[in-house]
Amino acid sequence: MKVLFVFNHPAPYKINLLNSLSKYCDLKVLFERNKNKDRSSSFYYNNNYDFSYEFIKGIAFNNENHFGFALKNYIKKHHQEYDLIIMNGYSTMSEIIAIKYMIKHKIAYSLYVNGGIIKNDKKSLFNLKHQLISNAQHYFSPSEKANEYLVHYGAKKEKIYNYVYSTIFESEIIDEEKLNKKQTYNFVTFGQFIPRKNNQKLLEIFVYLPSKYHLTIIGEGEEETKYNNFIKENGLETRIEVLPFLKHDALLKKIRAYDYFITLSKEDIYGHMVNEALSQGLPVICSNKVVSAYKLINGKDGFIVDISNDQDIISAIEKVNRLNPINCLEVARENTIEKMVESHVKILKELEK
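Residues numbered from 1 in each chain as written. Predicted model: local features only at pLDDT ≥ 70, side-chain atom pairs only at ≥ 80, totals over all residues. Heavy atoms only, no water.

### Remarks on the overall build of the chain
Thinking step 1. When helices and strands are counted, the chain shows 13 helices and 15 strands.
Thinking step 2. For the chain, the C-alpha radius of gyration of 21 Å lies close to 20 Å, the compact-globule estimate for 353 residues.
Thinking step 3. Taken along the three principal axes of its C-alpha coordinates, the chain extends 65 × 40 × 35 Å.
Thinking step 4. Out of the 353 residues in the chain, the part that is buried amounts to 55%.
Thinking step 5. Counted over contacts in the chain with a minimum sequence separation of 6, partners at least 24 positions apart contribute 70%.
Thinking step 6. Approximately 16,400 Å² of the chain is accessible, and the part contributed by carbon and sulfur atoms is 47%.
Thinking step 7. Here the chain contributes 48 positively and 42 negatively charged side chains, and the mean placements of these two sets differ by 5 Å. (Helix = DSSP H or I, 4+ residues; strand = E, 2+ residues; numbered from the N terminus. Rg over C-alpha atoms; globule rule 2.2 N^0.38 Å. Buried < 20%, exposed > 50% of the residue type's maximum accessible area, 1.4 Å probe, protein only. Contact = heavy atoms within 4.5 Å. Areas by Shrake-Rupley, 256 points an atom, 1.4 Å probe, with all protein chains shown as cover. Lys, Arg positive; Asp, Glu negative; His and termini not counted. Charge placed at Lys NZ, Arg CZ, Asp CG, Glu CD.)

### Comments concerning the environment of Lys28
Thinking step 1. Structurally, Lys28 can be placed in strand E2 (residues 26–31).
Thinking step 2. Along the primary structure Lys28 and Leu132 are separated by 104 residues, whereas in three dimensions their C-alpha atoms are 22 Å apart.
Thinking step 3. In terms of polar contacts, Lys28 uses its side chain to reach the side chain of Glu54, at 2.9 Å. (Polar contact = N/O pair within 3.5 Å; in protein donor to acceptor, adjacent residues only side chain to side chain.)

### Here's the deal with the packing of helix H3 (residues 93–104) against helix H4 (residues 123–134)
Thinking step 1. Relative orientation of the contacting elements H3 and H4 amounts to 60°, with a least axis distance of 10 Å. When the axis of H3 is compared with that of H4, the two are oblique. As for how H3 packs across H4, the hand of that crossing is left-handed. Seen from H3, the contacting residues are Ile96, Ile99, Lys100 and Ile103; seen from H4, they are Leu128, Gln131 and Leu132.
Thinking step 2. Its residues placed into classes, the contact of H3 with H4 shows 5 nonpolar, 1 polar and 1 charged. (Axes fitted to C-alpha atoms, helices over the stretch in contact; angles between N-to-C directions. Parallel < 35°, antiparallel > 145°, perpendicular 65-115°, else oblique. Left-handed = near helix turned anticlockwise from the far one by under 90°. Nonpolar A, V, L, I, M, F, W, Y, C, P; charged D, E, K, R; others polar.)

### Here we look at the side chain of Asn88
Thinking step 1. With respect to the helices, strands and loops of the structure, Asn88 is situated in strand E6 (residues 84–88).
Thinking step 2. For Asn88, a relative accessible area of 4% translates into the label buried.
Thinking step 3. Here Lys14 takes part through its side chain, which lies 2.8 Å from a polar atom of the side chain of Asn88.
Thinking step 4. Polar side-chain contacts of Asn88 include one of 3.1 Å to the backbone oxygen of Tyr112.
Thinking step 5. Those residues in contact with Asn88 that lie beyond four places of it in its chain are Phe5, Val6, Phe7, Lys14, Glu95, Tyr112 and Asn114.

In structure tokens, the structure reads:
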């Protein structure tokens with residue numbers, strides 16, 4: 001089976017997937033950008049590509065957008081060479097131009113989503129999304145929440161294929177005997193220091209918690225100075241620390257020393273940090289705005305909290321120590337890169353029939 005896969009940038013977790021898929025199909029990948037503007041260069045740790053690829057020409061702007069006609073022109077010239085065209089995205093200008101071209105010329109394409117959150121769109125935006133999504137032949141989706149998103153914009157439920165979504169190899173899951181057995185109150189969060197991640201809200205919550213509760217924030221971004229100033233102004237230097245961005249393997253090793261993971265993100269269309277935390281045996285307290293929470297958190301490995309309800313958040317913080325870290329590992333083992341590859345191969349075989 002000859003497959004064309006289009007994706008915005010070479011995220012390492014996507015490279016891990018594509019490298020494995022290339023063993024099962026004749027794979028060509030088109031990337032729009034070398035990197036996202038708000039990602040550290042260290043984020044792109046995986047530069048070994050086992051598949052054919054190109055970085056298409058065009059203008060990269062804002063955090064993720066890309067404008068140009070190279071993607072459309074490539075599809076126009078080469079679409080008949082492929083059994084399957086997978087668009088992993090429909091939001092950049094280049095992607096919109098290419099998908100509209102395929103719709104107009106009745107070229108079949110499959111839509112691959114990493115997640116999705118239903119919003120109260122303006123009519124014009126809803127109509128655009130509906131056009132781009134509803135005209136796809138098939139859909140790749142990581143969760144039931146993402147399925148609901150696709151159906152909302154016109155996808156037929158029977159055309160949706162669910163895959164496992166992960167950034168963790170099975171070998172990276174911590175062994176049970178190495179679990180942190182301390183009964184302490186050390187929380188960690190990690191990710192970009194941007195308003196959407198809502199770390200400022202998390203800092204404000206910790207102001208009102210007893211002194212036994214400690215928090216470490218790992219990452220980088222525009223709000224770092226704001227965090228440090230807040231910590232200093234509220235005398236929290238002994239309870240809260242801010243650490244720099246860590247690469248994937250170093251991050252996993254670092255977070256093993258903590259007891260729990262917490263995020264109050266305002267929006268994550270998926271949220272890999274949940275599975276990464278579970279893989280190291282950390283029970284999770286997660287915002288109700290993170291899509292992966294609804295797939296990975298079951299009440300035995302963590303809690304989903306309403307970020308508009310401070311008491312709900314504090315209550316979860318106070319009772320999270322009742323959860324058994326072994327439950328976290330059980331969920332993580334079902335959500336590995338190996339499982340992700342298996343699920344994709346199964347879908348490709350189904351589509352090949």
